[in-house]
Each structure stands twice: as structure tokens, then as C-alpha cells.
Amino acid sequence: MTAPTAAPTAVPAAPESLSPLNRLVTAAPTAGGRIHAARLDGTRSLSLGELYERAGRLAHHLRALGIGPGTRIGILAANSLEWVLLDLAALRLGAQTAGLEPGKFTPSRELMDRYGLTLLCTDQPTDPAARLPGTLSTDDVWALTEPGDGPEEPLPPVTWAERDVTTIKFTSGSTGVPKGLGATAGSIDSSLEAVQEIFGHNPDDHLFVFLPLSLLQQRYWVYSALLHGHDVTLTTYEAAFATLRRVRPTVVMGVPAFYETARRQIEARRRRPGAGSARQVAQALFGDRIRYLWTGSAPAAPAMVRFFTEEAGLPLFEGYGLNETCIVTKNHPGAHREGSVGRVVRGKQVLIGEDGVISVRSAHPVGDHYEYAAPGDSEKVFMPDGTVRTGDIGHLDEDGFLFVHGRADDVIVLDNGKKIVVRPVEERMKADPAIAECVLFSPTQTDLVAVVSPAALPADTDAVTAALAAANAAGTPDERISRVIVADEPFSIANGLLTSQYKPKRPAIQSAYAHRLHNQEAGIHA
Amino acid sequence: MPDTLTAIESAAREQLSLVLIPEVAAESLDPDADLAAAYGLTSLNKVLFLTELCEDTGVDLAHFTEHDLAAMRTLRDVTAALTRHHDDTPGA
């Protein structure tokens, strides 16, 4: 953080020359737009101007608690207006935030010490007997945003410099404790500008956000609303489908698992007599104002993207990026190609190594190391020149569209030297609706063995057997799956076999089914 | 009330059948089976099912909180909860 030395002058509207984040903290939004927090039992709503004013009052209270430059607030709560107010108040004070996802973290002294938190704001009960000082319940936040009796004093001005870290974000990695990474103001500004350049969000837009605000990218859509005057609705993953049709958004910020559920629902409804076209059924689910659907964070099946874009008339745009790089590529209305994750956005450069591994160079890097990780983790990902080695393999086509084939460590090398990229093989199995997930292993390095997560219990073993035959018929001889082990229960976050972003945890699945993977008699044989 | 119960149960069976993958026939559903354990109903699909069911039966979904939804573990729980609120909803 850098604090200006000269006394500030009153600025009625933030000059366009300021960076997006500095515009957010300098002046109230001048365009219209509202923010809504939707739950099953109702919606709270306020103008973006009021949001700015309330964040300012909260900032005064937090300042009195010692929050300012050099301090950090942890926010451990489900999506809510309070979450947004705390985040904006921290930005206004030049303080860092740490977005802590409920379910992954629990409030404790140890948590506060581990991440250097001056204040922990949470919607979870804290043990009064433990006398956890430095905590603030989100239930008490709203009262701190109400107007006081006297005139409202201006806050000390802040300026976010490009390399200042505004927030700590945590990777939802497939193993172990989440890694923490500081995100620079420059990387956030760069991503906000790049997204706006290709999607042109405007006051007619209404963005629908249901993924946790602890993921920095989900907060971008609030920043975008403040900068460009559009509406934004926050809800939760569980309530998303119930609130979607009530909200009638123009843009939905989702992930593949959400759209896959929607696709299955649309197709099931279409089987009913007189259900109408795919477009009509999709409109009933998503509302009638959709301009586009956003997906990222995990690979989307090409058939699903095609279904939404072509059959349902709701363009679904896939992109690519990691926590360590922010948004790297994105399909968008002006440039999209089936099967790709889009062209490289402004400020990013994609490099494909001789081994096919994708590396990313940024004009404004997110960071150059992990702040919280095991020794050696940073060096594996961040190169000395700031380039990020993603661990994904892919290629760029002649028009600059990126195609991601899979994880470099998801390549199985058989003892005959053949390299098998597992994702296309797994996708063939997942094409069957009875199979929710498929993960390939090669316990003896001679053949492929799949562990599949059934879509429902009891598992439809006939369908799995048929899917195995179909996948083997469609693949090359080296891609032949010799056995399939049907998981005892569907992979889930609760049983530790899916990440919070609904990606299979390969090492955990391998460990859970190790015995059957190595037992040649186990499973359904090809 | 018995007619309401029958109508809601019938609608609940049909709507649940639609969200299950693979589909289970409405008449084969066990009203006392755990929806997640027996039928693999995910939290996303549960909300989809209840949203459609409320729309079908004219019960306002706003009667329920996320906590209420979590407490509905079987088809019988769902039918009972909707029947309770059916009479509170004007026009339902």
C-alpha cells in the first residue's frame, strides 16, 4: 500500500484515468444498478450508491478496531451483502482480506494466527468459552453500516499500487491443505478490464453469482457492477436454481457441474408430452433474458457447450485460468471456437513447452510465490521470471484459440512407452448418463482401469458395461479400458472424493479403491 | 386435506422422477427412502425438484428456508411440508 502524502481534494466522480480498483475506492458509483442477495425465503436489495455509503460507514467502524494498511481481515461466511460490505470496507481502508470458504475452514485462534488476521468476520458460531478475541459476527455488520447522528467524516484516502496485495486467495487443490496466494491490485485491474473489453457489461445487464465470494473472481462481478452500473444478484450454490427464474438475469456465472445438472433437467422435461422446445424449457429454468452463460474452473464437455449454445439458444462460453494466473483465455460473443477455451485475453501470453505443458506470462502477475504453502511448492509453479507453469497440457491453433487436453500429471505412461492423455477417454465414459465421473488409473502400467462414480444408487451396471464397450470401440487400442470399478457411492465433497469445485480428487479415489484397482478379478471386465 | 395430500404426493412423485438420473418411475419411488442415499439426489437436484414441485402445486417456495430444505430427507417429508403450507398459500 502507498498512502498519498498530499492532502486529498474532494473528487465528485472517480477520474477515468484511475485504475478500476482505485475508482472503486475513490468515489461513489455514478451509474445506476442494484445489488441483490437472494435466498429461498426472500431477497434483500439496495442501490449500488447505498452499498458504497454503507461500506464507508463500516470502514469507519473497522478503522476504530485498528483495521487499515498493513492489517488483514478474514471473511469466513456464506455469500451475503455483509460479505460484500466487509470486502469493500477493507478496500476503502487499504487493508487486505482473506476469503475463507465455509467448509474448508473453521473459526479458531489457530486460523487467525496462521493467516495473520487482525479481525475474523464469520457467520459461524464461535465458542464463547474459547473467548476468541478479534472476531466479528456477520450478524452484527449491518448495524455498523447504518448512518450515525453526526456528519460523516471522509475516510483517509488510499491508493492501491499495482504490486500491492489486496487479498489472499486459496487454491482448491486436489490434495492437502489449501495453498494461499496474495493477489495484486494490478492483476485484478487487468482482469476486470480484459473481461469488460470482450463482454461489454452494461446497465441493462444483471449478473447472477452463486459460487462463493471467497473465490476472488466472484467478487469481480460486484466490482464490475460498481464500475459499469449493472445489477448483480448473489445467492448460494444450493439456492441457485430456485432463485434463477425469479431474478431473470442476463448472465450466469457458473461451473460445468451446474450446467450439466441443468442440461439433464431440460432434457428430462422435454420428454414430457407437450413440454415445448429445448429453448422454451431452458428459458423456464434460466429466465427469458439470458445474454450468455459463463463457465470456467473445470473442463466443460464439448457436447454440453453445444447443447446450450445451439439447442437451448443460451450461448455458453468456456474459459481457462488458474488461481495463480487469473483469467488467461475466454471464448466470448466476438470470438469462440468449439472445443477450445478461447483466445488469450489482453495482458496475458500463453507459451506451450516442448512437453506440451502450458505456461502463462502476465503483464500484471497475480503474484510470484505462494504466501502459504509447503517448501518447494512455489518453485514448482512460479518460474524465476514470473511465468506460471500450469501443469496442464494443450495447444494453440492457427487462430490463437487454446485447447486444453488435460493435466500433465494425468498422462499415464504405459510400460510400452505409450502416453495416454486420460481426459478424452474419461469423457467417453462420462457420455453415459449413468456415469457421473470417471477416473483412469494404471495400477500395473500395462492397462487402464477406471473407477466410475455412479449417477445414482443402485448403480446401473448394465449401462456401465455398455458404456465401457462403447468407449473402447471409439478409442485407439492403447486407450482401451480393461476393467471398470463402480464406486460404492457417488463421489462427493462430503466423502472427500470431489474438490469444492466438483473436480474428482484422483489421489483420494486411488487410495479409497486401491485394493480393487490392484485386484485383477475386481470390477466389470471389457 | 386427504385430496390435497394425494395431489401433492402425486405431483411430488412425478417431479422427483424427472430429476433422478437414471429416471425412476414415479410409482416405484419409496416414500420413506432417503433421497440422497437411495436415489443419489444431489443438493442442486433437490432444489430443482422442490422448485418445480412448488410451482406445480401453487405452494410458495418462500415458505421454506435452506434449513427447512435440508430437513426434508424423504419423499414423505417433502409431501408433509408442502401440504402444511398449501393451505397458507392464497390461490393454492
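Predicted model only: the values in this text are computed from it and were never measured.

Novice: Could you clarify how one ought to interpret the overall build of chain B in this entry?
Specialist: Looking only at helices and strands, chain B has five helices and zero strands in total. Secondary structure elements of chain B, listed N to C terminal, follow the sequence α-α-α-α-α. Taken across its 92 residues, chain B has 50% of its residues classed as buried. Within chain B, contacts between residues separated by at least 24 positions form 62% of all contacts whose residues are at least 6 apart in sequence.

Novice: Teacher, can you tell me more about the overall build of chain A here?
Specialist: Looking only at helices and strands, one finds 15 helices and 25 strands in chain A. The globule rule puts the C-alpha radius of gyration for 526 residues at 24 Å, and the 24 Å found for chain A is close to it. Over its C-alpha atoms, taken along the principal directions, chain A stretches across nearly 75 × 60 × 55 Å. Taking all 526 residues of chain A together, 53% fall into the buried category. Within chain A, contacts between residues at least 6 apart in sequence are counted, and of these 65% link residues at least 24 apart. Roughly 21,900 Å² of accessible area belongs to chain A as shown, and the carbon and sulfur atoms make up 52% of that amount. Distance between charge centroids for chain A: 2 Å, based on 50 positive and 60 negative side chains.

Novice: Teacher, can you tell me more about the nonpolar core here?
Specialist: Proteins that are soluble and globular tend to have nonpolar side chains buried together. Core analysis: the biggest nonpolar cluster contains 69 residues, and Ile35, Leu51, Leu62, Trp221 and Tyr223 of chain A have the highest contact counts within it. For this core, the element with the most residues is helix H3 (residues 81–93) of chain A, which contributes 10 residues. Composition of this core by domain shows at least three residues from each of domain 1 (15–199) and domain 2 (206–362 + 391–407) of chain A. Residues within four places of tyrosine 223 of chain A in sequence aside, it is in contact with Leu21, Leu24, Asp87, Leu88, Leu91, Ile188 and Leu192 of chain A. Membership of the second largest hydrophobic core comes to 59 residues, among which are Leu40, Tyr259 and Leu314 of chain A together with Leu48 of chain B.

Novice: I'm lost on the packing of helix H8 (residues 256–270) of chain A against helix H10 (residues 302–311) of chain A in this one. Help?
Specialist: Packed helix pairs are characterised by how far apart their axes lie and by the angle those axes make with each other. All names here are of chain A. Relative to each other, H8 and H10 sit at 60°, their axes nearing to 10 Å. As far as their axial angle goes, H10 and H8 are oblique. By crossing handedness, the relation of H8 to H10 is classed as left-handed. Contacts from Pro256, Tyr259, Glu260, Ala262, Arg263, Ile266, Glu267 and Arg270 of H8 reach H10 at Met304, Phe307, Phe308 and Glu311. Residue composition of the contact of H8 with H10, by class: seven nonpolar, no polar and five charged.

Novice: Help me understand the UniProt feature "domain: Carrier" (unreviewed entry) in chain B in this model?
Specialist: Per the UniProt record, "domain: Carrier" (unreviewed entry) is annotated on residues 23–82 of chain B. With 57% helix and 0% strand, residues 23–82 of chain B has its two end C-alpha atoms placed 23 Å apart.

Novice: How do you make sense of the sheet that holds strand S19 (residues 402–407) of chain A when you look at a structure like this?
Specialist: Strand pairing in a sheet relies on backbone hydrogen bonds. The paired strands run either parallel or antiparallel. Residues and elements named next belong to chain A. Pairing within the open sheet is antiparallel, and its four strands lie in the order S16-S17-S18-S19. Each having just a single partner strand, strand S16 (348–352) and S19 make up the two edges of the open sheet. Ignoring strand direction, the axes of neighbouring strands in this sheet form an average angle of 50°. As defined by bridge partners, strand S18 (residues 388–396) adjoins S19 across five bridges and the pair is classed as antiparallel. Paired with leucine 396 across the strands is leucine 402, a residue of S19.

Novice: For this particular structure, what's the right way to read the interface of chain A and chain B?
Specialist: Frequently, the measure chosen for interface size is the accessible area removed from exposure when the parts meet. Between chain A and chain B, the residue contacts involve 26 residues of the former and 25 residues of the latter. When the area that chain A buries against chain B is broken down by residue, the three leading residues are Leu40, Arg245 and Arg269 of chain A, summing to 25%. Taken together, the links from chain A to chain B amount to five salt bridges. Among the ionic pairs, arginine 245 of chain A bridges to glutamate 52 of chain B, the shortest N-O distance being 3.1 Å. The interface formed by chain A and chain B holds six residue pairs in polar contact (both at pLDDT 80 or more) in total.

Novice: I'm lost on the side chain of histidine 332 of chain A in this one. Help?
Specialist: Residues and elements named next belong to chain A. With respect to the helices and strands, histidine 332 occurs in the loop between strand S14 (326–330) and strand S15 (343–344). By relative accessible area, which is 13% here, histidine 332 ends up buried. If we ignore the near neighbours within four places in the chain, the residues touching histidine 332 are Ile198, Phe199 and Phe317.

Novice: Just checking my understanding: could you explain H10 of chain A for this structure?
Specialist: Because each turn of an α-helix spans 3.6 residues, side chains separated by three or four positions in sequence point in the same direction. All names here are of chain A. Buried within H10 we find Met304, Val305, Phe307 and Phe308. One face of H10 carries all of its buried residues, which in axial projection span an arc of 160°. Those residues of H10 that are buried lie in contact with H8, helix H9 (278–286), strand S12 (292–295) and strand S13 (316–322).

Novice: So what exactly am I meant to see when it comes to the packing of aromatic side chains here?
Specialist: By convention here, two paired aromatic rings are described through the distance between centres and the angle between planes. Residue and element names in this part refer to chain A. For the coordinates displayed, the defined rule picks out 21 aromatic pairs over all chains. Ring centres of phenylalanine 210 and phenylalanine 258 lie 4.4 Å apart, and the angle between their planes is 35°; on these two criteria the pair is classed as tilted. In this pair, phenylalanine 210 sits in the loop between strand S9 (206–209) and helix H6 (216–228) while phenylalanine 258 sits in helix H8, placing the two residues 48 residues apart along the sequence. Pair check on accessibility: phenylalanine 210 and phenylalanine 258 agree, each one buried.

Novice: How do you make sense of the confidence of the model for chain B when you look at a structure like this?
Specialist: Parts of the model with low pLDDT should not have their predicted coordinates read in detail. All names here are of chain B. Residues at a pLDDT of 70 or more form 88% of chain B, whose mean pLDDT is 85. Highest mean pLDDT in chain B belongs to helix H5 (residues 75–86) (91); lowest belongs to helix H1 (residues 2–19) (84). Reported confidence for the predicted complex is 0.80 by ipTM and 0.81 by pTM.

Novice: What is the right way to read the pattern of salt bridges from this model?
Specialist: Note that side chains of opposite charge can pair when their charged atoms are close. Enumeration over the complete set of coordinates arrives at 33 salt bridges over all chains. The closest approach of N and O atoms between arginine 291 of chain A and aspartate 205 of chain A, which form a salt bridge, is 2.8 Å. You can see arginine 291 of chain A sitting in the loop between H9 and S12 and its partner aspartate 205 of chain A sitting in the loop between helix H5 (185–199) and S9, a full 86 residues away along the chain. Assessed through its relative accessible area of 30%, arginine 291 of chain A is described here as partly exposed. Through salt bridges with shared partners, one network takes in Arg245 and Arg269 of chain A together with Glu52 and Glu55 of chain B.

Novice: Would you explain the sheet that holds S9 of chain A in this entry?
Specialist: Residues and elements named next belong to chain A. Here we have nine strands laid out as an open sheet, ordered S2-S1-S10-S9-S11-S12-S13-S14-S15, and mixed in their pairing. In this open sheet, the two strands that pair with only one neighbour each are strand S2 (42–47) and S15. Taken together, the three bridges between S9 and strand S11 (residues 251–254) define a ladder with parallel strand orientation. In the strand pairing of S11, phenylalanine 208 is matched with valine 252.

Parameters and conventions
Residues numbered from 1 in each chain as written. Chains lettered and ligands numbered in written order. Predicted model: local features only at pLDDT ≥ 70, side-chain atom pairs only at ≥ 80, totals over all residues. Heavy atoms only, no water. Helix = DSSP H or I, 4+ residues; strand = E, 2+ residues; numbered from the N terminus. Buried < 20%, exposed > 50% of the residue type's maximum accessible area, 1.4 Å probe, protein only. Contact = heavy atoms within 4.5 Å. Rg over C-alpha atoms; globule rule 2.2 N^0.38 Å. Areas by Shrake-Rupley, 256 points an atom, 1.4 Å probe, with all protein chains shown as cover. Lys, Arg positive; Asp, Glu negative; His and termini not counted. Charge placed at Lys NZ, Arg CZ, Asp CG, Glu CD. Core = buried A, V, L, I, M, F, W, Y, C linked by side-chain atoms within 4.5 Å. Domains from an automatic or database assignment. Axes fitted to C-alpha atoms, helices over the stretch in contact; angles between N-to-C directions. Parallel < 35°, antiparallel > 145°, perpendicular 65-115°, else oblique. Left-handed = near helix turned anticlockwise from the far one by under 90°. Nonpolar A, V, L, I, M, F, W, Y, C, P; charged D, E, K, R; others polar. UniProt positions renumbered as here; feature names shortened; annotations may be inferred. Pairing = 2+ DSSP bridges. Buried area = accessible area lost by both parts, 1.4 Å probe. Salt bridge = Lys/Arg side-chain N within 4 Å of Asp/Glu carboxyl O. Polar contact = N/O pair within 3.5 Å; in protein donor to acceptor, adjacent residues only side chain to side chain. Arc of directions from axis to C-beta. Phe/Tyr/Trp six-rings, centres within 6.5 Å; stacked < 30°, edge-to-face > 60°. pLDDT = per-residue confidence, 0-100.

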